[in-house]
Amino acid sequence: MKIKTLIPGIMLGTVIAMPVIAQENMEKLSNMQRTDASFTYVDQEGERANALRDIVQHIKVPEGFEVSLYAVVPDARSMAVAPQGTVTFVGTRKDKVWSVVDRDRDRVADEVKDFAPSVSFDIPNGPCFSPDGFLFIAERNRVLTFPAAEFFFEGPDPAVGEVVPQGQLIPAEEESFNHTARVCRIGPDGKLYISLGQPHNVQPADKLEMYDKIGIGGIIRMNTDGSGREVYTRGIRNSVGHDFNPANGELWFTDNQVDGMGDDIPPGELNRQNAAGQHFGFPWTNGGVDIPAYKDVPRPEAVEFVEPQVQMDAHAADLGMRFYKKGSFPEKYHGGIFSAQHGSWNRTTPVGARVMFTALDEEGNAASTEVFAEGWLNQETGEYRGRPMDIAFLPDGSMLVSDDFAGAIWRITYNPVSPQ
Amino acid sequence: MRLAAITILGGLMLAGGTPAFADDPVEGQKVARMCQTCHGIDGLARMPIAPNIGGEPKEYLEAQLMAFKTGAREHEMMTVVASTLSAQQISDVAAWYASHTASASLPAGTSEDEAPSECVSCHGIDGISIALNAPNLAGEANTYIVTQLRAFRIGTRKHEIMSEIAAKLSDEQIRQFADWYSKVNLQITREE
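Predicted, not measured: the structure shown is a model, and the values here were computed from it.

Caption draft 1: Looking closely at the UniProt feature "domain: Glucose/Sorbosone dehydrogenase" (unreviewed entry) in chain A. The feature "domain: Glucose/Sorbosone dehydrogenase" (unreviewed entry), as given by UniProt, occupies residues 175–338 of chain A in the numbering adopted here. When the span residues 175–338 of chain A is considered, its composition is 4% helix and 28% strand, and the gap between its end C-alpha atoms is 29 Å.

Caption draft 2: Quick look at the interface of chain B and chain A. With 26 residues of chain B at the interface, the matching set in chain A holds 33 residues. Carbon and sulfur atoms make up 58% of the surface buried where chain B meets chain A, a total of about 2,600 Å² over both sides. At the boundary of chain B with chain A, the tally comes to three salt bridges. Among the salt bridges present, the one from Asp 95 of chain A reaches Arg 175 of chain B, with a minimum N-O distance of 3.5 Å. At the boundary of chain B and chain A, one finds 10 residue pairs in polar contact (both at pLDDT 80 or more). If you list the elements that add at least two residues to the side of chain B that touches chain A, you get helix H3 (36–39), helix H5 (78–83), helix H8 (142–154) and helix H10 (171–182) of chain B. Looking at the side of chain B that touches chain A, the element that brings in the most residues is H8 of chain B, giving seven residues.

Caption draft 3: Quick peek at the nonpolar core. In this structure, Phe 338, Phe 372, Met 399, Ile 409 and Trp 410 of chain A are the most contacted members of the largest nonpolar core, which totals 48 residues. A per-element tally of this core places strand E1 (residues 65–72) of chain A first, with six residues. Excluding residues that lie within four positions of it along the chain, Ile 409 of chain A makes contacts with Leu 69, Tyr 70, Ala 71, Val 73, Ala 76, Met 79, Val 90, Val 100, Leu 400, Val 401 and Ser 402 of chain A. By size, the runner-up hydrophobic cluster in this structure holds 26 residues, among which are Phe 177 of chain A together with Cys 119, Ala 166 and Phe 177 of chain B.

Caption draft 4: Spotlight on the environment of Gly 187 of chain A. Residue and element names in this part refer to chain A. Among the structural elements, Gly 187 can be located in the loop between strand E10 (184–186) and strand E11 (192–196). On a C-alpha basis, the gap between Gly 187 and Pro 246 in space is 9.9 Å, while along the polypeptide they are 59 residues apart. If we skip the residues at most four places from it in the chain, Gly 187 touches Tyr 193 and Phe 244.

Reading the values: rules and limits
- Residues numbered from 1 in each chain as written.
- Chains lettered and ligands numbered in written order.
- Predicted model: local features only at pLDDT ≥ 70, side-chain atom pairs only at ≥ 80, totals over all residues.
- Heavy atoms only, no water.
- UniProt positions renumbered as here; feature names shortened; annotations may be inferred.
- Helix = DSSP H or I, 4+ residues; strand = E, 2+ residues; numbered from the N terminus.
- Contact = heavy atoms within 4.5 Å.
- Buried area = accessible area lost by both parts, 1.4 Å probe.
- Salt bridge = Lys/Arg side-chain N within 4 Å of Asp/Glu carboxyl O.
- Polar contact = N/O pair within 3.5 Å; in protein donor to acceptor, adjacent residues only side chain to side chain.
- Core = buried A, V, L, I, M, F, W, Y, C linked by side-chain atoms within 4.5 Å.
- Buried < 20%, exposed > 50% of the residue type's maximum accessible area, 1.4 Å probe, protein only.

See below:
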């Protein structure tokens with residue numbers, strides 16, 4: 001069996017600093033043995049599902065589009081749709097990765113259960129797939145890979161390999177909670193790209209050098225076996241969403257903005273990167289706004305800061321994003337970017353909790369940005385009904401929106417009424 | 001630092017002696033609008049990055065907010081929030097959340113004997129605090145508890161008792177303790 005021979009190659013050394021039981025499980029799993037772990041299932045009917053379906057009526061989308069509840073998924077964060085589209089893996093900021101299964105292809109999940117219950121996860125926020133079916137999961141401070149996860153998720157003991165061992169993504173002293181939610185993608189070069197948020201509002205100057213070297217406050221890339229790690233993107237505060245433009249392979253990413261400078265600055269960012277090592281300004285600038293604490297700190301020499309392509313509403317919290325390749329949505333959306341705004345947490349008047357769409361022009365620059373879906377924020381009371389976190393697409397071209405507040409995945413389809 | 005913070009607050013209240021300086025849960029409820037997106041207006045957390053604070057000892061809440069305000073404790077969001085709060089607002093908002101009642105029940109099939117002995121004398125078997133300066137842990141996301149214990153262990157969060165206890169804990173123990181309390185069912189209520 002092919003998988004079996006792959007495992008030793010992707011296992012890098014021993015598992016360190018992990019709970020003993022989990023470690024034993026990791027060893028067993030890497031040898032394709034069974035553990036006695038069992039699944040947790042999430043009820044897809046009943047009160048909870050009904051309450052979520054009631055939210056649908058509040059969501060506004062352009063004409064011809066329809067919103068529905070795809071799945072009840074507690075704490076749903078970043079998503080990875082498996083190549084065949086039967087199962088979507090969903091990360092959380094707790095200890096679960098969920099497998100969301102639609103076996104009968106009626107576009108409503110028929111089963112939601114935890115993925116690899118034998119593995120002890122720690123903030124497994126970011127799943128992503130390689131084209132050949134390896135699932136990668138970026139945790140707070142470790143990266144795992146699951147070969148053929150799309151087929152092995154049915155059992156509690158899928159094969160697992162370690163790409164980055166526990167404690168080697170960042171130094172343990174730099175672990176936080178909020179800014180250690182990772183996202184990942186496999187780039188057109190076949191490398192694994194992982195965002196590393198910096199764990200402060202604005203980092204102290206004495207951390208600059210160390211962070212820059214490790215890639216904290218940036219995006220790193222490495223080979224899928226963990227070798228060849230390098231810093232690809234510099235000068236980010238805390239990015240929780242990136243994707244590659246299918247037209248030219250360029251990396252785009254969102255960034256979250258400094259708190260405490262007022263309600264209306266700095267603006268949110270959508271960035272375009274077209275060369276390795278580019279610097280996007282943080283902590284000297286953020287969304288084009290100078291950060292006061294860094295007024296007198298010398299800027300890196302011979303470095304030109306790349307300005308954002310799109311300035312979003314301040315504090316709307318732009319998180320997950322994905323290019324729309326082709327499919328059932330109207331042509332104006334093909335090749336553009338859908339991004340999720342989680343919504344502000346301390347702005348006087350809350351803003352966000354929407355899905356945004358950014359169209360690109362022929363040169364690959366952002367041409368225009370508009371609201372695509374909104375209504376998760378109750379404008380009258382300022383309370384959230386839900387908070388979109390990530391965007392993914394099913395093979396039929398319909399959109400999934402994860403929501404870690406409501407604990408749901410919403411589906412948006414294009415379903416125009418045909419003229420009679 | 002925490003003791004100092006309490007002294008400052010205590011001093012303010014003593015010096016005041018008027019209703020303006022007494023803590024006021026109703027005023028605190030207004031302040032809590034700043035907190036509710038993450039912690040819920042009733043203190044039942046709405047996201048795993050935030051702890052449940054409804055029914056927490058007022059002393060603990062005040063001490064933590066003062067620690068964030070003074071920089072003794074640091075967090076990318078709480079440092080920003082606390083820096084804008086006055087001592088009076090801190091006292092009020094702590095009183096609002098403390099005016100709730102947190103109750104906990106162990107999940108079916110668990111034995112009290114499995115509770116982590118290192119923790120129970122302050123945090124309780126079910127994670128309802130029995131010390132004024134200790135937080136409730138019932139129903140907290142295990143990733144939150146792990147984060148805090150690791151911070152105590154490496155010194156990025158400090159406390160005279162917790163720093164010492166956490167220094168001796170392995171990753172395995174930290175995860176076990178966190179798992180114990182995260183499985184507890186938590187309810188937060190408030191009598192009008």
